[in-house]
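One-letter residues, chain by chain:
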Amino acid sequence: MTANSTEQTAPDISPGLIPPNLEAVPEELQQYRQWVVWKAVEKTKRDGSVKVTKVPHNPKTGKPASSNRPETWGTFDDACEALLMDGYTGIGFVFTTGDPFVGVDLDNCFDEAGNLRDDARRAVDELQSFTEKSPSGKGLHIICKGELPGAGHCDNKAGREMYQEGRFF
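The sections below set out a description of the structure shown in this document.

Parameters at a glance
Residues numbered from 1 in each chain as written. Predicted model: local features only at pLDDT ≥ 70, side-chain atom pairs only at ≥ 80, totals over all residues. Heavy atoms only, no water. Core = buried A, V, L, I, M, F, W, Y, C linked by side-chain atoms within 4.5 Å. Buried < 20%, exposed > 50% of the residue type's maximum accessible area, 1.4 Å probe, protein only. Helix = DSSP H or I, 4+ residues; strand = E, 2+ residues; numbered from the N terminus. Contact = heavy atoms within 4.5 Å. 1 Å grid on protein atoms, 1.4 Å probe; cavity = no way out; pocket = protein on both sides within 12 Å on 5 of 7 lines; lining within 4 Å. Points joined across faces, edges and corners; volume = space filled by probe spheres on them. Nonpolar A, V, L, I, M, F, W, Y, C, P; charged D, E, K, R; others polar.

1. Some details on the nonpolar core
L29, W35, I91 and I143 are the most contacted members of the largest nonpolar core, which has 20 residues in total. Broken down by secondary-structure element, the contributors of at least two residues to this core are β2 (35-44), α2 (76-86) and β4 (90-93). Per-element accounting of this core gives the leading share, 5 residues, to α2. Non-local contacts of I91, meaning those with residues more than four positions away in its chain, are made with L22, W35, V36, V37, W38, F76, A79, C80, L83 and F169. With 10 residues, the next largest nonpolar core counts V102, V104, C109 and L148 among its residues.

Listed below in structure tokens is the structure:
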């Protein structure tokens, strides 16, 4: 499964976020009924800074979705239609134990000139899978086939996370 994308297209988007490139999503991922739509919601942290979170919604009903409740997910087409018609910010693929995929989330992948950092380039080259910029435009999401030895691995200090269930990108 390979497709690398940094070019983005789609609907009106929240300031500072890039829209999804729906045409770049591999057909293999599109076949799974594990899709949600999401809205960007700003939350103020205790230190006064603002963080944008992605709140998932069921693409068929518009009600809240959960990465642990399959009845709140839809098809890729459901998510694309909801994104284009109902004013959501993006779409997301939900990782489950029933699929062969792992999500790799790399934060702060670009230097000050906007070039991909060497460590991020190595990860992209080694995994050779569907890679896209994260909605912030500062990181990368990689979806590849694989299996983690546990539910997930996080190194928040380094900005590196891997998931195979209970999350969505």
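Continuing now.
2. Overview of empty space enclosed by the protein
Scanning the model with the defined rule gives 1 cavity of 30 Å³ or more in all. The computed volume of the largest cavity comes to approximately 260 Å³. Taken together, 24 residues make up the lining of the largest cavity; nearest its centre are P20, I91, E132, P135 and F169. When residues of the lining of the largest cavity are traced back to their parent elements, those giving at least two are β2, β4, β6 (130-133) and β7 (140-145). It is β4 that provides the largest number of residues to the lining of the largest cavity, a total of 4 residues. Of the residues assigned to the lining of the largest cavity, the class counts are 14 nonpolar, 7 polar and 3 charged.

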